[in-house]
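The primary structure of each chain is shown beneath.
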Amino acid sequence: MRLFRSLFTSPEKLVQVLSREDVQDAIDDGARIVIDEDGNARVNIHCKAVKEDFARHVESLKRA
């Protein structure tokens, strides 16, 4: 419960908002999701974990 409360008292720990200059660096470093200073969220399609999640999702849809 303490962790849950701390997320809401300091949302910067939950989501890191990046300046425009830092967005490309975050993508290059493999960040999964990047949120810029304007609040626009992007999924990094070059991130290995994102590709694995997508492949799992496609496989589950094939079985459905």
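Before reading on, note that the structure itself is shown above.
One structure accompanies this document, and this report is about it. This is a predicted model, so every value here is computed, not measured. (Residues numbered from 1 in each chain as written. Predicted model: local features only at pLDDT ≥ 70, side-chain atom pairs only at ≥ 80, totals over all residues. Heavy atoms only, no water.)

### Quick notes on a negative patch on the surface
Note the following rule: Patch membership is restricted to residues that have no salt bridge and whose relative accessible area is over 30%. Joining uses 9 Å for like charges and 5 Å for the nonpolar side chains Val, Leu, Ile, Met, Phe, Trp and Tyr. Per-residue accessibility takes into account occlusion by the displayed protein chains alone, with areas from the Shrake-Rupley method and a 1.4 Å probe. A side-chain nitrogen of Lys or Arg and a carboxyl oxygen of Asp or Glu constitute a salt bridge if their distance falls within 4 Å. The charged-residue count follows a simple rule in which Lys and Arg add positive charge and Asp and Glu add negative charge, with His and chain termini not counted at all. Where a charge lies is defined by one atom per residue type: Lys uses NZ, Arg uses CZ, Asp uses CG and Glu uses CD. Strands here are runs of E lasting at least two residues and helices are runs of H or I lasting at least four, both read from the DSSP assignment and numbered beginning at the N terminus. Exposed residues in this analysis have more than 50% of their type's maximum accessible area, buried residues have under 20%, and partly exposed residues fall in between, with area computed by a 1.4 Å probe over protein chains only.
Taken together, the side chains of Glu21, Asp22, Asp25, Asp28 and Asp29 define an acidic patch exposed on the protein surface. Its place among the elements puts Glu21 in helix 2 (residues 20–28). Accessibility expressed as a relative area gives 60% for Glu21, which makes it exposed.

### Considering helix 2
The line we're drawing: An arc is given here, and it is the one of the directions from the helix axis to the C-beta atoms.
When we look at burial in helix 2, the residues that qualify are Val23, Ala26 and Ile27. Projected down its long axis, helix 2 carries its buried residues within an arc of 95 degrees, all on one side. Residues Glu21 and Asp28 are exposed on helix 2 and point more than 90 degrees away from its buried face. Of the residues trailing helix 2, Gly30 is marked for its positive phi of about 95 degrees.

### Regarding the nonpolar core
This is how the line gets drawn: Take the buried residues of types Ala, Val, Leu, Ile, Met, Phe, Trp, Tyr and Cys, join any two whose side-chain atoms come within 4.5 Å, and each joined set is a nonpolar core. Here, two residues are considered to be in contact whenever any of their heavy atoms come within 4.5 Å of each other.
If you look at the biggest cluster of nonpolar residues, it comprises five residues: Leu18, Val23, Ala26, Ile27 and Val34. When neighbours within four sequence positions are excluded, Leu18 is seen to be in contact with Val23, Ala26, Val34, Ile35, Asp36 and Glu37.

### Regarding the side chain of Asp36
Counting through the fold element by element, Asp36 comes out in strand 2 (residues 33–36). Taking the relative accessible area as the measure of exposure, Asp36 reaches 5% and is therefore buried.

### Examining the pairing of strand 2
As a reminder of what qualifies: The criterion for strand pairing is that DSSP finds at least two bridges linking the strands in question.
Bridge count for strand 2 against strand 3 (residues 41–43) is three bridges, and the pairing is antiparallel. What sits directly across from Ile35, in strand 3, is Ala41. Counting the residues that bridge the hairpin from strand 2 to strand 3 gives four residues, and of these Gly39 lies at a positive phi of roughly 90 degrees.

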